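# Notes for the structure review
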Amino acid sequence: MTAYLRPHTLEEALAARAQNPAFTVLAGGTDLMVNAPHKPEPVGLLDVFGLPGLCGIESNANELRLGAATPYRAILEDARVRSELPCLWEACREVGAVQIQARGTLGGNLVTSSPVGDTLPALLALEAVIELASVRGVRKVPYAQFCTGYRKTVLAADELVVAVLLPHPVPGTRQLWRKVGTRRAQAIAKVALAAVARVEDGLVVAPRIALGAVAATPIRAHAAEVLLAGVRPDAACAGRVAGALLAEIHPITDVRSTEAYRREVAARLVARFVLSLGQEKP
Ligand SMILES: Cc1cc2nc3c(=O)[nH]c(=O)nc-3n(C[C@H](O)[C@H](O)[C@H](O)COP(=O)(O)OP(=O)(O)OC[C@H]3O[C@@H](n4cnc5c(N)ncnc54)[C@H](O)[C@@H]3O)c2cc1C
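What counts and how
Residues numbered from 1 in each chain as written. Predicted model: local features only at pLDDT ≥ 70, side-chain atom pairs only at ≥ 80, totals over all residues. Heavy atoms only, no water. Phe/Tyr/Trp six-rings, centres within 6.5 Å; stacked < 30°, edge-to-face > 60°. Helix = DSSP H or I, 4+ residues; strand = E, 2+ residues; numbered from the N terminus. Buried < 20%, exposed > 50% of the residue type's maximum accessible area, 1.4 Å probe, protein only. Lys NZ or Arg CZ within 6 Å of the ring centre and 35° of its normal. Salt bridge = Lys/Arg side-chain N within 4 Å of Asp/Glu carboxyl O. Domains from an automatic or database assignment. Contact = heavy atoms within 4.5 Å. Buried area = accessible area lost by both parts, 1.4 Å probe. Polar contact = N/O pair within 3.5 Å; in protein donor to acceptor, adjacent residues only side chain to side chain. Pairing = 2+ DSSP bridges. Near = heavy atom within 4 Å. Areas by Shrake-Rupley, 256 points an atom, 1.4 Å probe, with all protein chains shown as cover. Nonpolar A, V, L, I, M, F, W, Y, C, P; charged D, E, K, R; others polar.

### Observations regarding the packing of aromatic side chains
Taken as a whole, this structure holds one aromatic pair when the rule is applied. Between Tyr143 and Phe146 the ring centres are 6.1 Å apart and the planes differ by 35°, which places this aromatic pair in the tilted class. Taken together, the residues Tyr143 and Phe146, both in helix 9 (residues 143–146) and three residues apart, mark about one turn of the helix. Of the two residues examined, Tyr143 and Phe146, each falls in the buried class. The ring of Phe49 carries Arg103 above its face, with NZ or CZ at 3.9 Å from the centroid. The aromatic ring of Tyr261 is capped on one face by Lys190, whose charged end is 5.8 Å from the ring centroid.

Here's what the structure looks like:
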């Protein structure tokens, strides 16, 4: 029979993780349960769902801190996330349906690390930092370095993801999140875009463009960002930036979509973001 541990504090959880590195960490279980029939029975389960040290949202002078086991529903109910980080809020709103949002967590999305994980492009564009902990101590890893390959992360066998740290955006920052799937609701992404930038004196400042489902990991579109920075976001600019994006992405054809469709959609989403920057902020 599978062993089951349910710690009451973060300290207990880290001690249990150190003593049982072969155990599977269980948060909402929405990824684990789907995959369970296709995998060997776990040696043991370390249940962190609702663990006090891993749940909740706090704001300090520098950042919003989202506990890794905070379910999507709690994130969606937080007015600070909604107003400061609309691109993450929108991503959370489109994860599954209400049942999944009640159980699924940000930490689970991060560690599953699917290229189609909805929050991941938003975390890249918002320059999130991931807080990891073990009995050895705490370390903070920029999300850009957290995911190292297809469904691979830097998480060690004795570590837990504790929180996601999101810097407060500079006032006036525009944010966009879009998922294109088979249908409008409850779809797995064929392509997802998260993008942020400011417009000052008519010119684009600090653009960050991230995409999901166009590579083995979520990616930043650095060449497109370079072309966008410091210029007027008009139709000609949108065309140039979309062209740069097409040169730097190499999506695959799989059961969900084709390479050609993904390229076309990614270019259109990026062009739409550029054009939105040229419009008055609502
Ligand atoms: C019907 C359905 C629809 C879905 N729709 C979407 C969707 O639209 N978009 C989307 O992105 N995803 C979707 N998912 C996938 C899933 O809901 C999300 O990835 C969710 O965020 C997983 O979180 P969880 O807490 O349930 O993770 P779990 O299943 O509990 O865990 C997932 C992985 O993360 C590890 N883990 C979890 N928390 C921690 C932690 N704190 N520290 C270390 N390791 C940890 C676990 O060991 C496991 O490897 C869907 C799933 C289902 C079943």
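Now, onward.
### Some thoughts on the pattern of salt bridges
A full pass over the atoms with the stated rule returns 13 salt bridges. Among the salt bridges present, the one from Arg65 reaches Glu131, with a minimum N-O distance of 2.7 Å. Here Arg65, found in strand 5 (residues 63–67), pairs with Glu131, found in strand 6 (residues 129–134); they are 66 residues apart in sequence, far enough to count as distant. Taking relative accessible area as the criterion, Glu131 reaches 10% and is therefore assigned buried. A salt bridge links Arg139 to Glu159, with the nearest nitrogen and oxygen atoms 2.7 Å apart.

### Here's the deal with the domain arrangement of the protein chain
We note that the domain assignment places domain 1 (3–167) and domain 2 (174–277) within the protein chain. Here the C-alpha centre of domain 2 lies 25 Å away from the C-alpha centre of domain 1. Facing the 23 residues of domain 1 at the interface are 24 residues of domain 2. For the domain 1 and domain 2 pair, buried surface summed over both sides reaches about 1,900 Å², with 62% attributable to carbon and sulfur atoms. The shortest N-O distance in the salt bridge between Asp118 and Lys179 comes to 2.6 Å. Scanning the region where domain 1 abuts domain 2 turns up seven residue pairs in polar contact (both at pLDDT 80 or more). Those elements that place two or more of their residues in the side of domain 1 that touches domain 2 are helix 5 (86–93), helix 8 (119–125) and strand 8 (147–149). A total of five residues in the side of domain 1 that touches domain 2 trace back to one element, the largest contributor, which is helix 8.

### Digging into the side chain of Thr105
Here Thr105 lies in the loop between helix 6 (98–103) and helix 7 (106–112). Among the polar contacts listed, one links the side chain of Thr105 to the backbone nitrogen of Gly108, at a separation of 3.0 Å. Sequence-distant contacts of Thr105, defined by excluding residues within four places in its chain, comprise Ala27, Gly28, Phe49, Ala68, Ala69, Thr70, Pro71 and Tyr72.

### As for the pairing of strand 11 (residues 174–180)
Where a strand is regular, its side chains alternate between the two sheet faces. With six of its seven residues buried, strand 11 lies for the most part within the structure. For strand 11 and strand 12 (residues 191–200), the ladder comprises seven bridges, and the chain directions are antiparallel. If you follow Leu176 over to strand 12, its bridge partner there is Ala195.

### Looking at the environment of Leu166
Within the secondary structure, Leu166 is located in strand 10 (residues 160–167). The spacing of Leu166 and His222 is 56 residues in sequence and 20 Å in space, taken between C-alpha atoms. If sequence neighbours within four positions are ignored, Leu166 has contacts with Asn62, Glu63, Leu64, Leu66, Leu85, Leu88, Leu123, Leu126 and Ala128.

### A short note on the site of the ligand
In the region of the ligand, 31 residues are neighbours, and Val25, Thr30, Asp31, Tyr72 and Thr105 sit closest. One of the backbone nitrogen or oxygen atoms of Gly29 is found 2.7 Å away from an oxygen atom of the ligand. Interatomic distance of 2.8 Å between a backbone N/O atom of Asp118 and an oxygen atom of the ligand. Here the ligand has 990 Å² of accessible area as a free molecule, and 83% of this is covered by the chains. Looking at the shell around the ligand, the elements with two or more residues in it are strand 2 (24–26), helix 2 (32–35), helix 7 and strand 10. Counting residues per element, the shell around the ligand draws most heavily on helix 7, at five residues. For the shell around the ligand, the per-class residue count stands at 16 nonpolar, 11 polar and four charged.

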